[in-house]
Amino acid sequence: MPMQKNSLGHHLLSLVRHYSRVAPPPPAYADPVIRVSNNVAYLGSPKQDPKPRQLLSLPSFPGYPLPGKNSATGHVTAISWLKYYFDEIPDSAIQSHFNKGLVQMESLNLNADDSFIERDEQMRPLRKIKHNEVMEVGARVWVPVSVAETRISKRFDCIPSGTLYPNADEIDYLRRLAKYKDYAILVLNKPPKLPVKGSLPVHNSMDALAAAALSYDYDEGPKLVHRLDRESSGLLLMGRTKESIAHLHGLFNDLNTAKSSCKAWNDACDAKLQRYWALVIGIPKENEGIICAPLSKSVGLEPSQEAITEYRVLGPMINGCSWIELRPLTSRKHQLRVHCAEALGTPIVGDYKYGWFVHRRWKQMPRVDIEPRTGKPYKLRRPEGLDVQKGSVLSKVPLLHLHCRELVLPNIAKFLPLLNKNSDTLPPALSGKPDLLRFVASMPSHMKISWNLMSSYLV
């Protein structure tokens, strides 16, 4: 009996040893490799390469000199062009993208290492560029959307209460909105949901608060020279003197009555521009173009006001939405919102006045978007906590995603003494100052979250 138990044990042991020497079969689709994670070795296929990065297109290089920037050299390098366009982004973030070889430019010659991007229904080759490459007129640079990804503050911006007498904290908050101040103008980065022009029931408007908190050493507060919608955000220009207000009103008038006998001032007026970033539902059929669609002052009347807008698609459609850049060439009420909703057929996210019907059909849920070069779907990384409730594209009721990001205007503090005297020559003390001023404002929190969601597709 003991002999039978020993023989049975040796037989079972031999079976165990026999099967322990058999290695698991290698995966059918890849050579077996050993991966180590958290001190544990795994036998299997290698990890897949990261998904192709979503790319952002910069506008065509306009040439030298850049508006609002003086340079001692007669050329502009690639890193200078990116730092100029992304003025609100830290220089270290832009430099790191160059160090990693993530900055690319459209190329005419096809090389083996080139990647491709689809533009104007054509696949255009892209080549990696270095930071010191000299830009040529018309050159177009592509960078990952992660270059503009920013950290989101966990605190809500405190909008002053409805009172004509703001307290000390509210005054400090309003003064932090100021991006530039001289004796003639004041430039603010207006937050959303803050009305610009007040009325009888509205006391916490921008003009009333500016009169109470932004007069500084002047007897009177600054005055509005143009307007932004209550729900929109971005750069807002105000005049600080009667002379500057009068000239700026003429500058923002469609008739352009600010012209004078000074050629330098007239050239600076012609270079004036505003650029907006907007997130729209859908994607325009053309990547860029000009919208010429007249508007009417009220419902039911024939459109009689000329309205012209330039637009450019920044990147591909993400989660059913796409980012576009808008440049209004005329100043009409709700011009950009109407052109996006009715002319392009892509209403702005959060615009329930002109895009209510599309918002009703648009499902605010992650949907499958296909990467055009590989045909593979992207994966959305949904943020945690209450971030999506701050009015982003994933919240139940998104805020308006329209932001005046860039403003270029004449340096009126330089030209004002000349305009008041009707002279053609500048005083020697003012001749060294730049003819143009350029400002770039960062997006509000809800738009930053929506932008970061788009860059999360890179993971």
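Counting residues in hydrophobic clusters, the biggest one holds 59 residues, and the most contacted among them are I185, L237 and L326. Broken down by element, the residue count for this core peaks at 6 residues, all from helix α10 (residues 412-421). Leaving out residues up to four positions away in the same chain, L237 has contacts with I185, L186, V187, L224, V225, H226, L248, F252, L407 and L409.

With that out of the way, let us pick up the pattern of salt bridges. Taken as a whole, this structure holds 13 salt bridges when the rule is applied. Close ionic contact of R438 with E406 constitutes a salt bridge, the shortest N to O distance being 2.9 Å. Linking R438 in strand β17 (residues 436-440) with E406 in strand β16 (residues 402-410), this pair joins segments that are 32 residues apart in sequence. On the accessibility criterion, E406 (2% relative accessible area) is buried. As a salt-bridge pair, K414 and D435 come within 2.4 Å of each other at their nearest N and O atoms. Of the two residues, K414 is situated in helix α10 and D435 in the loop between α10 and β17; the sequence distance between them amounts to 21 residues. Note on K414: relative accessible area 3%, which makes it buried. One salt-bridge network, in which partners are shared between bridges, spans R275, R312, E325, E406 and R438.

This part takes up the packing of helix α7 (residues 263-270) against α10. Relative to each other, α7 and α10 sit at 140°, their axes nearing to 10 Å. Taken together, the axes of α7 and α10 are oblique relative to one another. Our pair here, α7 against α10, has a crossing hand that is left-handed. Residues A264, W265 and A268 of α7 lie in contact with α10, whose contacting residues are I412, F415 and L419. Looking at the contact of α7 with α10 residue by residue, the class counts come to 6 nonpolar, no polar and no charged.

Inspection of the secondary structure puts S261 in the loop between α6 (242-251) and α7. A residue is classified by how much of its surface remains accessible, and S261, at 51% relative accessible area, is exposed. For S261 and L419, which are 158 residues apart along the polypeptide, the C-alpha to C-alpha distance reads 8.8 Å.

As a further point, take unusual backbone geometry. The backbone phi angle of K193 is positive, close to 65°, even though this residue is not glycine. You can see K193 is positioned in the loop between β9 (185-190) and α5 (206-213). One non-glycine residue with positive phi stands out, namely H334, at about 60°. By secondary structure assignment, the location of H334 is in the loop between β15 (321-328) and α8 (335-343). Residue H334 is classed as buried on the basis of its relative accessible area of 13%.

Right, let's get into the packing of aromatic side chains. Aromatic ring pairs are reported here in terms of the distance separating the ring centres and the angle at which the planes meet. Counted under the stated rule, the structure contains 10 aromatic pairs. Considering the side-chain rings of F61 and W81, the 5.3 Å spacing of their centres and the 85° angle between planes classify their relative orientation as edge-to-face. With F61 in the loop between β3 (55-57) and α2 (78-85) and W81 in helix α2, the pair connects residues that are 20 residues apart, well separated along the chain. The exposure class of F61 is buried, given its relative accessible area of 4%. For W81, a relative accessible area of 3% translates into the label buried. Measuring from centroid to centroid gives 6.1 Å for Y352 and W356, while their planes differ by 65°, and the two rings are edge-to-face. For Y352, a relative accessible area of 28% gives the class partly exposed. The partly exposed category is assigned to W356, whose relative accessible area is 48%. Aromatic rings pair up to connect F61, W81, Y84, Y85, F86, W277, W323 and W451 into one cluster. For R405, the ring lying beneath its charged end belongs to Y85, and the centroid distance is 4.7 Å. Here R405 stacks its cationic end above the ring of W277, 4.4 Å away from the centre of that ring.

Definitions and cut-offs
Residues numbered from 1 in each chain as written. Predicted model: local features only at pLDDT ≥ 70, side-chain atom pairs only at ≥ 80, totals over all residues. Heavy atoms only, no water. Core = buried A, V, L, I, M, F, W, Y, C linked by side-chain atoms within 4.5 Å. Buried < 20%, exposed > 50% of the residue type's maximum accessible area, 1.4 Å probe, protein only. Helix = DSSP H or I, 4+ residues; strand = E, 2+ residues; numbered from the N terminus. Contact = heavy atoms within 4.5 Å. Salt bridge = Lys/Arg side-chain N within 4 Å of Asp/Glu carboxyl O. Axes fitted to C-alpha atoms, helices over the stretch in contact; angles between N-to-C directions. Parallel < 35°, antiparallel > 145°, perpendicular 65-115°, else oblique. Left-handed = near helix turned anticlockwise from the far one by under 90°. Nonpolar A, V, L, I, M, F, W, Y, C, P; charged D, E, K, R; others polar. Phe/Tyr/Trp six-rings, centres within 6.5 Å; stacked < 30°, edge-to-face > 60°. Lys NZ or Arg CZ within 6 Å of the ring centre and 35° of its normal.

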